Structure formats: C-alpha cells, structure tokens
Amino acid sequence: MGWLAWAGLPDLPVQDGHGTTRVGLRTMLGHRSMRWALALVLIAAPLGSASFATVGNLTRELGFGSEFALVAVSAMAIGNGLGRLGFGAVADFRGGRFSRNAVLAVNALAAAILLAALHGLDAKAFVLYPLLMGLAFGGMAGKLPALAAHIVKDGHAETAFGLLFGAFALASFLGPLASAAFGMRDALEGFAVCAIAAGLSALVAP
C-alpha cells in the first residue's frame, strides 16, 4: 500500500528538514540499474522464503529422517544469520555489485542442488542445501544497503534501500504463499528455475 501511495504522489523537488531533495517512485524507477535490481530480488528471493516454510516436510519427502529435518531447519537458520553478516561484510569491502553477484551465485547453486534432489538425480547433495539456502537468503538482505548505494549515486541511497527492502519483503511473502497455493514441490521447482535465471541474469545486469 505504501508503494501505491508513493506512486500517486507528484514528483516535486521537496526538501526535508536537512535540505535533501526527496524523490518519487517514478524518478527512482528511472534508474535502469534499479529496475534490474528489483527484478532480480523479486525473482531470486521467493525460493529462500519458500524453503524456510517447507524444509521440514521437504527433507522427509526426499527420504531423510526426522532427525535430519531438525538439523536442516537449524542449518538454514544459522546460514541465514551468517549470510546477513558475511555478505554484508563482503558488500562493504567489495561493493554492491560484487556482493549481489556472489549471493545470487550461491542462490543458484542451492537451486541446482534442489532440482537435482527433487528429480532423483543426487539426493545426497541435498544435505548441503539448507545451509547454502540460508546463506543466500540472509545474504540477500545483508547486501541491500550496499546495493542501494551502488545503484543510486546521487545521494538518495536511503530511498533506494527502502524500495529494495520492500521488494525483498514482497518476495519473501510470495514464497510461502505460492507453496500453499500450488503445492510444495511445484512451487519449489518453479522458484528454483527462477533463482538460476536470476543468477545468470546478474552477470549482465548493471
């Protein structure tokens, strides 16, 4: 709803109390790199949130015991925390674009492992999936401030961050929702394909 209200506001050069000109949604979307970043976040992030919601059931469906299901949930949660800190640090030292490509590469690797497990090609490799998925999902959130600074270099990084975080939140909401609506396996397969596409697209994104 906030985005809808923002989109309806006129793009006026209004200054806040600190003398900084505020920008509207249409101006922010005028940045080609912003449009790319929003698309990548919306395509890549649902796999992580869907995995968080279904990893317990998924491990049992793949033939693992309930003990591993508990380990998988814990590994994903630990990976999420490490990803937020680790990829945030990577972004600080190597920049927003490098950290974006790195986290999307990890996300795509996790997606490939998931697809292999779902299609019976290599179920054993799935033991790596919870940690990798946690790292990627947490890393997406951890790199957003640096990515916003990379995208918008005219002093409005905080506005860019708000838009990117809103996209991440929306994508995080869509993951579990799609899993419930279309079924766990179908939703995860679709999101895994999207995650791989996002990883490849990042190679040509600005």
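Since we're looking at a predicted model, the values are computed, not measured.

*Asks:* Mind showing me how you'd approach the overall build of the protein chain here?
*Replies:* Secondary structure assignment for the protein chain yields ten helices and zero strands. Across the 206 residues in the protein chain, those meeting the buried criterion constitute 46%. Taking the intrachain contacts of the protein chain between residues at least 6 apart in sequence as the baseline, contacts between residues at least 24 apart amount to 74%. Here the protein chain displays about 9,900 Å² of accessible surface, and carbon together with sulfur accounts for 69% of that area.

*Asks:* What is the right way to read the packing of aromatic side chains from this model?
*Replies:* Here a ring pair, both rings aromatic, is described through the centre-centre distance and the interplanar angle of the planes. Tallying each qualifying case throughout the model produces seven aromatic pairs. Geometrically, the ring pair formed by Phe161 and Phe165 is tilted, given 5.8 Å between the ring centres and 35° between the ring planes. Of the two residues, Phe161 and Phe165 both sit in helix α9 (residues 157-182), four residues apart, roughly one turn of that helix. For Phe161, a relative accessible area of 31% gives the class partly exposed. Given the relative accessible area of 39%, Phe165 is considered partly exposed. Members of the aromatic cluster, each reached through a chain of ring pairs, are Phe52, Phe137, Phe161, Phe165 and Phe168. Sitting over the face of the ring of Phe98, Arg94 holds its NZ or CZ atom 4.0 Å from the ring centroid.

*Asks:* Got a minute to help me understand the packing of helix α3 (residues 32-44) against helix α10 (residues 184-201) in this structure?
*Replies:* A pair of packed helices can be characterised by two numbers: the angle between their axes and the separation between those axes. Axis separation between α3 and α10 bottoms out at 8 Å; the angle between their running directions is 150°. Between α3 and α10, the angle falls in the class roughly antiparallel. When the axes of α3 and α10 are compared, the crossing they make is left-handed. The residues of α10 that touch α3, namely those facing Trp36, Leu40, Ile43 and Ala44, are Cys194, Ala195, Ala198 and Ser201. Within the contact of α3 with α10, the residues separate by chemical class into seven nonpolar, one polar and no charged.

*Asks:* What am I meant to see in empty space enclosed by the protein here?
*Replies:* The rolling of a water-molecule-sized probe over the atoms marks out the regions of remaining empty space. Going through the model one piece at a time under the given rule, you end up with one cavity of 30 Å³ or more. Looking at the largest cavity, its volume works out to about 40 Å³. Around the largest cavity, the lining residues are Ala37, Leu40, Val41, Ala44, Arg100, Leu104, Met140, Lys143 and Leu147. For the lining of the largest cavity, the element with the most residues is α3, which contributes four residues. Grouping the constituent residues of the lining of the largest cavity by class yields seven nonpolar, no polar and two charged.

*Asks:* How should I be thinking about the packing of helix α5 (residues 66-94) against helix α7 (residues 129-142) in this particular structure?
*Replies:* Where α5 contacts α7, the two axes come as close as 6 Å, and the packing angle between them is 35°. Seen along the crossing, α5 lies across α7 with a hand that is right-handed. Residue-level contacts link Ala72, Ala75, Met76, Gly79, Asn80, Leu82, Gly83, Arg84, Phe87 and Gly88 of α5 to Tyr129, Pro130, Leu131, Met133, Gly134, Leu135, Phe137, Gly138, Gly139, Ala141 and Gly142 of α7. For the contact of α5 with α7, the per-class residue count stands at twelve nonpolar, eight polar and one charged.

*Asks:* Teacher, can you tell me more about α10 here?
*Replies:* For an α-helix, the turn length of 3.6 residues means that residues three or four places apart are oriented alike. In this model α10 runs 25 Å from its N-terminal to its C-terminal C-alpha over 18 residues, within 8% of the 26 Å that 1.5 Å per residue would give. What α10 keeps buried is the set Met184, Ala187, Leu188, Phe191, Ala192, Ala195, Ala198 and Gly199. Viewed along the axis of α10, the buried residues span an arc of 135°, placing them on a single side of the element. Facing away from the buried surface of α10 by more than 90 degrees, the exposed residues are Asp186, Val193 and Leu200.

*Asks:* Just to check I follow, could you spell out the confidence of the model for the protein chain for this structure?
*Replies:* Atom-level detail of predicted coordinates should not be read off regions where pLDDT is low. Averaged over all residues, the pLDDT of the protein chain equals 85, while 86% of them reach at least 70. Within the protein chain, α10 carries the highest mean pLDDT (96), whereas helix α1 (residues 2-8) carries the lowest (47). For the stretch residues 1-6, pLDDT sits under 50, and the model shows ten contacts to residues farther than four places along the chain or on other chains. Predicted confidence for residues 8-17 stays below pLDDT 50, and this span has 15 contacts to residues more than four positions away or in other chains.

What counts as what
Residues numbered from 1 in each chain as written. Predicted model: local features only at pLDDT ≥ 70, side-chain atom pairs only at ≥ 80, totals over all residues. Heavy atoms only, no water. Helix = DSSP H or I, 4+ residues; strand = E, 2+ residues; numbered from the N terminus. Buried < 20%, exposed > 50% of the residue type's maximum accessible area, 1.4 Å probe, protein only. Contact = heavy atoms within 4.5 Å. Areas by Shrake-Rupley, 256 points an atom, 1.4 Å probe, with all protein chains shown as cover. Phe/Tyr/Trp six-rings, centres within 6.5 Å; stacked < 30°, edge-to-face > 60°. Lys NZ or Arg CZ within 6 Å of the ring centre and 35° of its normal. Axes fitted to C-alpha atoms, helices over the stretch in contact; angles between N-to-C directions. Parallel < 35°, antiparallel > 145°, perpendicular 65-115°, else oblique. Left-handed = near helix turned anticlockwise from the far one by under 90°. Nonpolar A, V, L, I, M, F, W, Y, C, P; charged D, E, K, R; others polar. 1 Å grid on protein atoms, 1.4 Å probe; cavity = no way out; pocket = protein on both sides within 12 Å on 5 of 7 lines; lining within 4 Å. Points joined across faces, edges and corners; volume = space filled by probe spheres on them. Expected span 1.5 Å × (residues − 1). Arc of directions from axis to C-beta. pLDDT = per-residue confidence, 0-100.

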